[in-house]
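Listed below are the residues making up each chain.
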Amino acid sequence: MRPDDDGSAVVEFVLVSILVIVLVLAVAQLAFAIHIRNTLVADAAEGARYAAAADRSPDDGAAYTAELIQQTLPASYASDVTAGYDDVGGISTVVVEVRTQLPVFGWIGPSDALIVTGHAMEES
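What you are looking at is a predicted structure, and each value in this text was computed from that prediction instead of being measured.

**Q** Please give an account of the overall build of the protein chain that cites residues and values.
**A** Secondary structure assignment for the protein chain yields 2 helices and 3 strands. Of the regular secondary structure in the protein chain, the N- to C-terminal order runs α-α-β-β-β. Reported as C-alpha extents along the three principal axes, the dimensions of the protein chain are approximately 85 × 30 × 20 Å. Here the protein chain holds 124 residues, and the buried ones make up 28% of them. A separation of at least 24 residues holds for 51% of the contacts in the protein chain among residues at least 6 apart in sequence. On the protein chain, roughly 7900 Å² of surface is accessible, and the fraction owed to carbon and sulfur atoms is 63%. Between the centroid of the 5 positive side chains of the protein chain and the centroid of its 17 negative side chains there is a distance of 4 Å.

Written as structure tokens, this is what we have:
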């Protein structure tokens with residue numbers, strides 16, 4: 001071993017470990033964002049099914065969706081939930097839409113960057 005190589009292993013370890021830690025944190029944040037999106041999609045779909053039942057309105061579905069979101073995520077994710085009717089191939093459907101922030105760094109992210117919808121065929 002040459003004397004001018006002393007301490008190079010420590011420096012290499014630090015440099016490589018920083019890159020590995022950043023990569024692991026990025027993958028964890030991506031998994032977190034996908035989890036948030038999947039939760040919102042499931043809640044919007046459940047709200048649309050709730051609103052599509054006989055004797056219920058789209059507003060009932062929006063309120064139910066907001067309630068489901070607040071049970072699983074921070075309340076700020078349920079701040080913009082809308083519902084309405086849509087015609088798909090001659091069939092009336094209920095659509096619930098959730099607009100919220102996309103978590104980019106922890107819970108923090110750009111607002112209205114994540115838009116998910118849930119659809120259900122309206123019962124008569």
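Let's pick the thread back up.
**Q** Summarise a nonpolar patch on the surface; cite the residues concerned and give the values.
**A** Together, V10, F13, V14, I18 and V22 make up an exposed nonpolar region whose accessible area comes to about 490 Å². Looking at the secondary structure, you find F13 in helix α1 (residues 8-52).

**Q** Which residues make up the side chain of D43, and what are the values?
**A** Mapped onto the fold, D43 is located in helix α1. The charged side chain of D43 is buried without a salt bridge, its nearest counter-charge being R49 at 8.4 Å. When near neighbours in sequence (up to four residues on either side) are disregarded, D43 contacts T65, L68, I69 and T72.

**Q** Outline the environment of A66, listing residues and values.
**A** Looking at the secondary structure, you find A66 in helix α2 (residues 58-72). Given the relative accessible area of 15%, A66 is considered buried. Measuring from C-alpha to C-alpha, the distance between A66 and G47 comes to 8.4 Å, with 19 residues separating the pair along the chain. With near-sequence residues (within four places) excluded, A66 lies in contact with A78 and V81.

**Q** Account for the nonpolar core, naming residues and giving values.
**A** Core analysis: the largest hydrophobic core is formed by 19 residues, its most contacted members being I36, L40, I69, L73, Y77, V81 and V98. Broken down by secondary-structure element, the contributors of at least two residues to this core are α1, α2, β2 (91-100) and β3 (114-121). For this core, the element with the most residues is α1, which contributes 6 residues. If near-sequence neighbours (up to four positions away) are discounted, I69 is found in contact with L40, D43, Y77, A78, V81 and V98.

Analysis parameters
- Just so you know, the residues in each chain are numbered from 1, in the order the chain's sequence is written.
- Since the coordinates come from a predicted model, pLDDT governs what is reported: local features require at least 70, and pairs of side-chain atoms require 80 or more to be given and counted, while whole-chain, interface and lining totals use all residues.
- For the side-chain quantities, the full set of heavy atoms in the structure was used; hydrogens and water were omitted.
- Numbering goes from the N terminus for both helices and strands, where a helix is a DSSP run of H or I of at least four residues and a strand is a run of E of at least two.
- Relative accessibility under 20% of the residue-type maximum defines a buried residue, over 50% an exposed one, and the middle range a partly exposed one, all with a 1.4 Å probe and only protein chains included.
- A contact between two residues is defined here by any heavy atoms of the two lying within 4.5 Å.
- Accessible areas in this description were obtained via Shrake-Rupley with a 1.4 Å probe; residue shielding takes into account the shown protein chains only.
- The charge count treats Lys and Arg as positive and Asp and Glu as negative. His and the chain ends do not count.
- Where a charge lies is defined by one atom per residue type, namely NZ (Lys), CZ (Arg), CG (Asp) and CD (Glu).
- Without a salt bridge and with relative accessible area above 30%, a residue can belong to a patch; like charges are then joined within 9 Å and nonpolar side chains (Val, Leu, Ile, Met, Phe, Trp, Tyr) within 5 Å.
- Note on definitions: salt bridges are taken to be side-chain nitrogens of Lys or Arg within 4 Å of carboxyl oxygens of Asp or Glu.
- Side-chain atoms within 4.5 Å link the members of a nonpolar core, which is a set of buried Ala, Val, Leu, Ile, Met, Phe, Trp, Tyr and Cys residues.

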